[in-house]
Every structure is written in structure tokens, then in C-alpha cells.
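Chains, contacts and geometry: an overview
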Amino acid sequence: MTIYFYKVDEPYGCFSNFSLHGIRRKGLHWPTVEHYYQAHKFIGVEDESIITEIRNAPTPDEAAKLGRDPSRTARSNWDWVKLGIMREAVLTKFLTHLDIQAILLATEDLTIVEDSPTDYFWGCGADRTGPNHLGQMLMSVREEIRGRLQEKESS
Ligand SMILES: Nc1nc(O)c(N)c(N[C@@H]2O[C@H](COP(=O)(O)O)[C@@H](O)[C@H]2O)n1
């Protein structure tokens, strides 16, 4: 069986980066993983005020809209660093919120797919051939949390 998720208000919606599960990183609170991810596109750019603007965006959709604004240029190394940045945010989310950590762990070894009809990088895209990086990441975070819990139990 494969778990497909996409919209926050649908089954497994807590796996979406748009779910309202805040994270704290480097002393700052971020309302969602999406806020964190979109803001990090602009670390080191000339006008960093966009970072605060994104962090204060009222919704994750608004944060994504700001981060995708074609009139702004993301940091030059974004494509190299974005997977690592997303992973630290997703891991923090599932270490912070134990209710959704339990949902993730309960999926055992099932395949998880972000069933986005438009995203052929983070999701599987409309024809389900995309690399599904977010689903892959959730499975890797699941593995890491499982390992950490086992280590704790045996110590
Ligand atoms: N809920 C939702 N709506 C969309 O429109 C989406 N594209 C996604 N997928 C998420 O979008 C983020 C990637 O954004 P960029 O294309 O890199 O700006 C990432 O969080 C995907 O999981 N989800």
C-alpha cells in the first residue's frame, strides 16, 4: 500500500509542509515548514527583508507566494542547498509535534508520496512519475526518528 497525501485537510494532511505545525530553529519561530523553506531561498541576498516578510506571512500559501515571486532572485546556491534545508525543517517538525510523529511512525514501512498534480520535484506530479523528494524525505525522517527512539530505549 502507498500513502498519498497533498492537501492539509485531506488524509495524512499533517505530512504537508503547509500543515500548521510550527518549528523553532536557530532561536526563531516559524509558523510552518513552508514558511521556513521559502524564507531560506533568500539568505544572503542583498535585500534580506523578504525573509522577515515571509516569516510573518499570515498563511503558508502566502509564504509560498512570496517565496515564488518571480521578481525576486533566490540565493545562487539554492538548488544545491534546498534538500538539506527542507530536511532539517521536516525533521524538526516531527521531533517537535509528538501527535504527528506517532502518525508518521504508524505508517511503518509504507511508501509515502506527495501527490501534487503540479510539483515534479517535491511531489510525483500529475502523471506520478516525479521523484517525490518530500515523500522520500518523510520516509528518511521516519527512519531517523525510529533509530533515535530505539537508541533511547536501549540506553
Ligand atoms: N499544498 C501545496 N501547494 C502547492 O502549490 C505546492 N507546490 C505544494 N508543494 C510544496 O511546495 C513547496 C515547494 O515550493 P517551490 O516550488 O520550491 O517554491 C514544497 O513544500 C512542496 O512540498 N503544496
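See the structure shown above.
Since the model is a prediction, treat every value here as computed from it, not as a measurement.

**So, the overall build of the protein chain**
Each helix and strand in the protein chain was counted, giving six helices and four strands. Going residue by residue from the N terminus, the α and β elements of the protein chain occur as β-β-β-α-α-α-α-α-β-α. Relative to the globule expectation of 15 Å for 155 residues, the C-alpha radius of gyration of the protein chain, 16 Å, shows essentially globular dimensions. A principal-axis box enclosing the C-alpha atoms of the protein chain has dimensions of 50 × 40 × 30 Å. Residue burial in the protein chain is summarised as follows: out of 155 residues, 43% are buried. Charge-centre separation for the protein chain: the mean point of 18 positive side chains lies 3 Å from the mean point of 23 negative side chains.

**Overview of the pattern of salt bridges**
As a working rule, side chains carrying opposite charge can pair if their charged atoms are close by. Scanning the entire structure with this criterion turns up eight salt bridges. One salt bridge connects Glu88 with Arg25, and the closest N-O pair in it is separated by 3.9 Å. Taken together, the residues Glu88 in helix α4 (residues 78-96) and Arg25 in strand β2 (residues 23-25) connect sequence positions 63 residues apart.

**Observations concerning the packing of α4 against helix α6 (residues 133-154)**
In the contact formed by α4 and α6, the axes pass within 10 Å of each other and the chain directions differ by 50°. By the angle between their directions, the pair α4 and α6 is classed as oblique. Viewed along their axes, α4 and α6 form a crossing whose handedness is right-handed. In contact with Leu83, Met86, Arg87, Val90, Leu91, Phe94 and Leu95 of α4, α6 contributes His133, Leu134, Met137, Leu138, Ser140, Val141, Glu144, Ile145 and Arg148. Grouping the constituent residues of the contact of α4 with α6 by class yields eleven nonpolar, two polar and three charged.

**A look at the environment of Leu20**
Looking at the secondary structure, you find Leu20 in the loop between β1 (2-5) and β2. Classification of Leu20 as exposed rests on a relative accessible area of 67%. Expressed as a C-alpha distance, the spacing of Leu20 and Phe42, which sit 22 residues apart in the sequence, is 22 Å. If we ignore the near neighbours within four places in the chain, the residues touching Leu20 are Pro31, Thr32 and Pro60.

Conventions and cut-offs
Residues numbered from 1 in each chain as written. Predicted model: local features only at pLDDT ≥ 70, side-chain atom pairs only at ≥ 80, totals over all residues. Heavy atoms only, no water. Helix = DSSP H or I, 4+ residues; strand = E, 2+ residues; numbered from the N terminus. Rg over C-alpha atoms; globule rule 2.2 N^0.38 Å. Buried < 20%, exposed > 50% of the residue type's maximum accessible area, 1.4 Å probe, protein only. Lys, Arg positive; Asp, Glu negative; His and termini not counted. Charge placed at Lys NZ, Arg CZ, Asp CG, Glu CD. Salt bridge = Lys/Arg side-chain N within 4 Å of Asp/Glu carboxyl O. Axes fitted to C-alpha atoms, helices over the stretch in contact; angles between N-to-C directions. Parallel < 35°, antiparallel > 145°, perpendicular 65-115°, else oblique. Left-handed = near helix turned anticlockwise from the far one by under 90°. Contact = heavy atoms within 4.5 Å. Nonpolar A, V, L, I, M, F, W, Y, C, P; charged D, E, K, R; others polar.

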